[in-house]
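For reference, the chains in residue letters:
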Amino acid sequence: MQEYVALKQQLLDNTRKSGGAIGAYLLFTVNGTAALLAMIGAGASYAYLLWLCRDVDAVRGTDEVPIWEANKVCCCR
């Protein structure tokens, strides 16, 4: 479980840092509008990653998994 927590933190850190780096690069090479839009996109990807991590963290060993229930009923080959 510690590996998962470390991986999750690394993914979030990398997303935040790379989004900032892309925004800064675009600010210096293109213009402020491109940098702002890149930062908005980076913020959206960071929010999505947080949402995904929250969903993964909410999974418990006692949760019902529909495909497992379907496989119990199905005549699998």
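Refer to the preceding data block for the structure.
Residues numbered from 1 in each chain as written. Predicted model: local features only at pLDDT ≥ 70, side-chain atom pairs only at ≥ 80, totals over all residues. Heavy atoms only, no water.

## Some remarks on the overall build of the protein chain
For step 1, the next point in the chain: Across its full length, the protein chain carries three helices and zero strands.
For step 2, the next point in the chain: Along the protein chain, from the amino end to the carboxyl end, the secondary structure elements read α-α-α.
For step 3, the next point in the chain: As presented, the protein chain carries roughly 6,400 Å² of accessible surface, and 66% of it is formed by carbon and sulfur atoms. (Helix = DSSP H or I, 4+ residues; strand = E, 2+ residues; numbered from the N terminus. Areas by Shrake-Rupley, 256 points an atom, 1.4 Å probe, with all protein chains shown as cover.)

## Brief notes about the packing of aromatic side chains
For step 1, the next point in the chain: Per the counting criterion, the structure on display carries one aromatic pair.
For step 2, the next point in the chain: Judged by centre distance (5.8 Å) and plane angle (70°), the ring pair of Y48 and W51 falls under edge-to-face. Placement of both Y48 and W51 in helix α2 (residues 32–57) is noted, with a separation of three residues, approximately one turn of the helix.
For step 3, the next point in the chain: A residue is classified by how much of its surface remains accessible, and Y48, at 48% relative accessible area, is partly exposed.
For step 4, the next point in the chain: For W51, a relative accessible area of 45% gives the class partly exposed. (Phe/Tyr/Trp six-rings, centres within 6.5 Å; stacked < 30°, edge-to-face > 60°. Buried < 20%, exposed > 50% of the residue type's maximum accessible area, 1.4 Å probe, protein only.)

## Some remarks on the pattern of salt bridges
For step 1, the next point in the chain: Applying the stated rule across the entire model yields two salt bridges.
For step 2, the next point in the chain: When the shortest N-O distance is used, the salt bridge between K8 and D57 registers 2.8 Å. Residue K8 is found in helix α1 (residues 2–29), and its partner D57 is found in helix α2; the two are separated by 49 residues along the sequence.
For step 3, the next point in the chain: Put simply, R16 and D13 hold a salt bridge, and the shortest N to O gap is 2.5 Å. Remark: D13 and R16 occur in helix α1; sequence separation between them is three residues, near one turn of the helix. (Salt bridge = Lys/Arg side-chain N within 4 Å of Asp/Glu carboxyl O.)

## Section: the packing of α1 against α2
Helix-helix packing: each pair is described by the crossing angle between the helix axes and the interaxial distance.
For step 1, the next point in the chain: The geometry of α1 relative to α2 is characterised by a closest axis approach of 7 Å and an angle of 170° between their N-to-C directions. Looking at the two axes, α1 sits roughly antiparallel to α2.
For step 2, the next point in the chain: Taken together, the residues of the contact of α1 with α2 break down into 16 nonpolar, six polar and three charged. (Axes fitted to C-alpha atoms, helices over the stretch in contact; angles between N-to-C directions. Parallel < 35°, antiparallel > 145°, perpendicular 65-115°, else oblique. Nonpolar A, V, L, I, M, F, W, Y, C, P; charged D, E, K, R; others polar.)

## A word on the environment of L49
For step 1, the next point in the chain: With respect to the helices and strands, L49 occurs in helix α2.
For step 2, the next point in the chain: It is 7.3 Å that separates the C-alpha atoms of L49 and L12, two residues lying 37 residues apart in sequence.

## Side note on the environment of N31
For step 1, the next point in the chain: Within the secondary structure, N31 is located in the loop between α1 and α2.
For step 2, the next point in the chain: Judged by relative accessible area, which is 37%, N31 ranks as partly exposed.
For step 3, the next point in the chain: From its side chain, N31 meets the backbone nitrogen of A34 in a polar contact 2.8 Å long. (Polar contact = N/O pair within 3.5 Å; in protein donor to acceptor, adjacent residues only side chain to side chain.)

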